[in-house]
Amino acid sequence: MATPRNAGGGRDVRRWLNALAARERRFSSLAVVAGVIVTLATLGQLGLLARVISQLLVEQATPASQLPALTAMVGLLLVRAMALYWQERLGQLASLNIRSRVRGELLDHLARLGPGWLTGRHSGALASQLVEQVEALDGYFARYRPQLALCVLSPLLVLGVALWLDWLAALFLVLAAPLIPLFMALVGMGAERLNREQFEAVARLSGHFIDRVRAITTLQLFGRSQGAIAEVHAAADDYRRRSMRTLRIAFLSSAVLEFFASVAIAVVAIYVGFGLLGYITYGPSPDLTLFSGLLVLLLAPEFFQPLRTLAQHYHDRAAALGAADGLLAILEADPDPVRGADAPPTQAPDALLELQGACVTQPGRGRTLGPLDLCLMPGEVVALTGSSGSGKSTLLQLLAGFVGPGRGERRLADGTFFAWMDQRPLLIRGSLADNLRLAAPEASDHAMREALGKAGLGERVEGLPEGLETFIGERGVGLSGGQAQRLALARVFLSRAPLVLLDEPTASLDAETEALVIVALRALMEEGRTLVIATHHPALIAMASRRLVIEAGTVTEVVHG
Amino acid sequence: MADHRSDATLLAALRPWLSLLALRRGRLAIGAALLALTLASAIGLLALSGWFITATGLTGLLLAAGVAANLEVYVPGGGIRFFAVSRTVSRYLERLYNHDTVLRLLADLRARLFGVLTRLDSQALSRRRASDWLNRLTADIDTLDSLYLRLLAPAGVALLAILGLSAFLALFAPRVALGSGALLLIGWLWLTLGQARLGLAASRRQVNELEALRGRLVEKLQGMAELEAYGSMARRRRELAAIEERLYRGQRRLGACVALGNALANLLVGLAMLLALWLATQAWAAGQLSGPLMVMMALAMLAMSEALAALPAAFTWLGATWGAAERLNELEARAETPALPVSAGLEGPELPAGPLSAELERVTLRYPGALAPALDDVSLRLAPGERLALCGASGAGKTSVGDLLLRQLIPSSGTLRLGRVALAAWPEAALRQRVAALTQRIDLLDDSLAANLRLAAPEAEEEELWGALAWVGLDGWAEGLPEGLVTRVGEGGQRLSGGQARRLALARLYLRDPGLVILDEPFAGLDADTAMALASRLDAWLAGRSVLYLVHQLQGGPFRPPGIDRALTLVEGRLVSS
């Protein structure tokens, strides 16, 4: 994963897609086999159709004598329907397995990259990638790839039969055959261009719409709602006019394909007709019979059908290429090599955590912290201060192991685990109890109430009709910022972690909540826990037994006066 | 508030959108006619070719047997060439025309829904500003946009083709027409209604399952630090896997339904062909039908596959369209509930000129689902020309007070008055004219500086715009821009710094002449020098107007808004004097 895949500019998106497909080769090959069976059944069925007609009209057979052939045709129809069903199902299964695996790999990789990598990235956008971009691979694996193989195989089979029937008629198809790659390129170019331009235009238009919706309050406040509605309509209409210009050209490519398919039928029909009348005496024409003539006619549309189907699925390919580009960008991010490795035990007796000569380097930014020596003893309260961007959060992440020391060492006393709290506490959709149990899955109701009490939320929760089972909506709907912060604190109490890392726990809180949080933190300190707090708050700094000042990645300890 | 319509039928959910489509019924009819023409050409091409080959074959045999026979070849030959060309041309025109229609419908839909959104209150809007909600909205609009081209037109044209073909065949052999037509009709019913029924529930759930997955993923990614610290990653991953499994189960089911429908469509066309052949054979044997016509009937049935191919996938996923329609209907219903009473245009009480007083009397505001009211029995009065600072932490309720006065929210109980007139009685246009606000969130359009300023004053001359920029001290910066006033500010104003965006929003206020000004953190994101320079100019402009400042806390120095007469503090929705 660490080797750069983007050597030479663009990422090798196609290679990645091929590699994904290779792992599900079994299903996709079976899908192609089913597709070939469909073609064979079609050939058999059309052959029987031509034969039945020929028997009736030329050989003057009675309708009843054709019943076995008709029965066989029903049988072939059933085979074809079943093969069609499985062709589609197998493609879907391949796609489903691939998507599920890609999503799993992305999640694993994100877990390896860790919270350090995630800071500063938009989690909503990432989540959308994991949902939509992975789903966008569907059509490509389910339909496009099997059809690509069938696009070569099926016409060959059809051509073989046509050749056996009448080589001149087959020649019309053969003449079209070298054109097929040309068609594909043509269709491809058209579709590619169409897709690219449409994608961009659609994105721009959606962007415009979303932009106006975001600003809707302001538009309301300035009394401009009506004008904005007209503008939204005008923008969409303008987009229509511009995109119709592109579409006029883009649709031509598929029209060409359609034209050749139609003309092939027409040419074969007229050639066969005139041949049967005896107007053509060249080559195999005099040997044409109603049977061979009809069958050749019926084969002509089948010859072009796979290509037409492929053209319909072409946008799946474009969508997959676009999505793969975004997904590879995540998979190519290199995880911190030190992350996940077990930290060696501390050397000083009683020490909880030690840093020795530890540095943090970040890609593109160089060294952002250190070198730094630090020894945390049980029960200590350490305040980290310094202007924003100086490296306080990085130091906390280093202590937590979210980022590894690029150089130097982080040592951890055996069995030390930690609790974490930052300005944006995690709130999951579920009950208050669900949110608390994140920290301690087995916690009893009593323990949870106690923890809420210590965090200053006890009364509020007791007053709720559903108590601990009160449901919190998505993204903490129903909780104020201060309440969310105290809920996260309750989790810290519940976790019993000896080491507690806090990133600006009182930022953006009102004075009253702030006071409650400080009381709670004091209670944590009195429980004998080790606290490391990145903060500007004078009360918290005063509470600390040690104070580290960080400026531009350099740490100096200030001795309390 | 969002009324539950789970028992509403599919048709009821789609009705508003069908009537929107009906506004363009002329275009829809022409588009469908082009589709039908394409299909007729395809059927005609294969059927006539079959007839022609059989006729020539039989004539050839007669000729070979020495019988004098004659076949007129030029009309059928010309017919075949005509169908070959008309199929191509009508297909091309059909695609072009129908895409044009779809894009027109998109414009209609967007404008209509935007209109709906402008009628929502700020609480409903704040939730709907999140990017995932917006993405879903645009996706829902797109889903409904394809209602015509994906569902209505193919189903209608297929039905038309079945009836038309049957009628045509009935001219020669009514029994053939009746038999195969009936079979195709039954098949059509299955491929549309039957498939829809099969996939309805699952396809309707798909969006929700994708949303659930997205929601969980956001939680997991945002809270990864805590999850990793508490060692809960594996547990959360298992929960995620369960959601994923639900999603995949639905997809497997839908995939199986679509595959079944496609296979059945194929089988149906084959069987219809065989039935037509068999019945035509009987007619031929009875001497009622010529050989070439018999062949033509079978081949015409084969060509029907083109009419039915698109139906199974589209109708299996009908539930997705239903879901989209329901969500949008819910939004419309929400906008139509009298959350924001809009008084009739010009009629209304006499409205005071000059500085406006503002009054909250025992106002309580409760958001649905919140643990505690956002405002709890708040009463306050702002005298004309007074400057009141309302302090409090985020979430204390000061923004809610602003939204109430701006009529972006209505209180759960209590009364609001503006200039001694009940706020609810103010005509919309007058309210917007007389009350101006600098909101906490600065909304800038992804448009030019000028366009953003002209939001406040559409008729403003360029000089006035420059004047407003000078007032906030942005004139020097704007003059330095190569494109000046037509410089685009980027999405959400991202090409500007936070301070510049705030000053631009202030410049917008300057272009108006309000009697009440609500300023939410006017100096947030500004440096001390700028704040200081701006404070004196703001002070002058605010003279003769009533002002409500909403601030986190009152600090001294440059960040203190100018000329505060009185300050009140809100704590968790309650007023405490200070």
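Throughout this document, residue positions are counted from 1 along each chain, in the order its sequence is written. The lettering of chains begins at A and the numbering of ligands begins at 1, in the order of writing. Reporting in this predicted model follows two pLDDT cut-offs: at least 70 for local features of residues, and 80 or more for side-chain atom pairs to be given and counted; totals over whole chains, interfaces and linings ignore these cut-offs and use all residues.

Attention now moves to the overall build of chain B. The helix and strand inventory of chain B stands at 20 helices and 10 strands. Computation of the radius of gyration draws on C-alpha atoms, with the globule rule given as 2.2 Å multiplied by the number of residues to the power 0.38. Relative to its length of 578 residues, chain B is extended, with a C-alpha radius of gyration of 34 Å against a globular reference of 25 Å. Along the three orthogonal principal directions, the C-alpha set of chain B runs to about 115 × 60 × 50 Å. Note that contacts rest on C-beta atoms placed from the backbone: two residues are in contact if these are within 7 Å. For chain B, contacts bridging at least 24 residues in sequence account for 83% of all contacts bridging at least 6. A helix here means a DSSP run of H or I that spans at least four residues, while a strand means a run of E at least two residues long, and both kinds are numbered starting from the N terminus.

Residue and element names in this part refer to chain A. Spatially, β5-β8-β9-β3-β10-β11 is the arrangement adopted by the six strands of the open sheet, whose pairing is mixed. Pairing within the sheet leaves two strands with one partner each, and these edge strands are β5 (418-421) and β11 (554-558). Shown here is a sheet whose adjacent strand axes are inclined to one another by a mean of 20°, direction ignored. Note on pairing: DSSP must find at least two bridges between two strands before they are called paired. In this sheet, strand β9 (residues 530-534) lies alongside strand β3 (residues 381-385) in parallel orientation, the contact comprising four bridges. Residue pairing across strands places A383 opposite I533, the latter belonging to β9. For helices, the fitted axis covers only the stretch in contact; all axes are lines through C-alpha atoms, and the angles between them, taken along N-to-C directions, range from 0 to 180 degrees.

The next point concerns the sheet that holds strand β2 (residues 366-376) of chain A. All names here are of chain A. In space, the three strands of this open sheet follow the order β2-β1-β4, with antiparallel pairing throughout. Of all the strands in the sheet, just β2 and β4 (407-412) have a single pairing partner and so form its edges. Across the sheet, the mean angle separating the axes of adjacent strands is 25° when strand polarity is ignored. Sheet topology note: the strand β1 (residues 353-362)/β2 ladder contains seven bridges and is antiparallel. Its bridge partner lying in β2, L353 is registered against L376.

Let us look at the interface of chain B and chain A. Listed as interface residues are 112 residues of chain B and, on the opposing side, 113 residues of chain A. The element contributing the most residues to the side of chain B that touches chain A is helix α9 (residues 233-285) of chain B, with 23 residues. Here the residues of the side of chain B that touches chain A are counted per class, giving 56 nonpolar, 35 polar and 21 charged. Gly is put with the polar residues, along with every residue not named as nonpolar or charged; the nonpolar set is Ala, Val, Leu, Ile, Met, Phe, Trp, Tyr, Cys and Pro, and the charged set is Asp, Glu, Lys and Arg.

A positive phi angle, close to 55°, is found at A:Q60, a residue other than glycine. By the element assignment, A:Q60 lies in the loop between α2 (25-57) and α3 (67-118). Unusually for a residue other than glycine, B:R362 sits at a positive phi of about 45°. For B:R362, the location among the structural elements is in strand β1 (residues 358-365). Put plainly, a residue is buried at 20 or more neighbouring C-beta atoms within 10 Å of its own, exposed at 12 or fewer, and partly exposed in between, counting only other residues' C-beta atoms, which are placed from the backbone. Look at B:R362 and you get exposed, because 11 C-beta atoms sit within 10 Å.

In terms of nonpolar packing, the biggest core is built from 350 residues, with A:V268, B:A276, B:A280, B:M297 and B:A298 touching the most fellow members. Take this core: its biggest share by element is 22 residues, from α9(B). The source of the domain bounds is an automatic or database domain assignment. Among the domains, domain 1 (14-336) and domain 2 (358-445 + 508-577) of chain B are the pair contributing at least three residues each to this core. When residues no more than four places from it in sequence are discounted, the contact partners of B:A276 are B:V176, B:S180, B:M297, B:A298 and B:M301. Each nonpolar core reported here comprises buried Ala, Val, Leu, Ile, Met, Phe, Trp, Tyr and Cys residues connected via C-beta atoms within 7 Å.

Let's shift gears to the environment of A:V500. All names here are of chain A. As for its position among the elements, V500 is in strand β8 (residues 499-503). Looking at V500, the number of C-beta atoms within 10 Å reads 25, which means it is buried. Sequence spacing of V500 and E231 is 269 residues, and the spatial spacing of their C-alpha atoms is 53 Å. Sequence-distant contacts of V500, defined by excluding residues within four places in its chain, comprise F418, A419, V492, L524, R529, T530 and L531.

On to the environment of A:L352, then. Residues and elements named next belong to chain A. With respect to the secondary-structure elements, L352 resides in the loop between α10 (290-331) and β1. Residue L352 is classed as buried on the basis of its C-beta count, with 20 C-beta atoms lying within 10 Å. Those residues in contact with L352 that lie beyond four places of it in its chain are L376, M377, P378, A413, T416, P498, L499 and T530.

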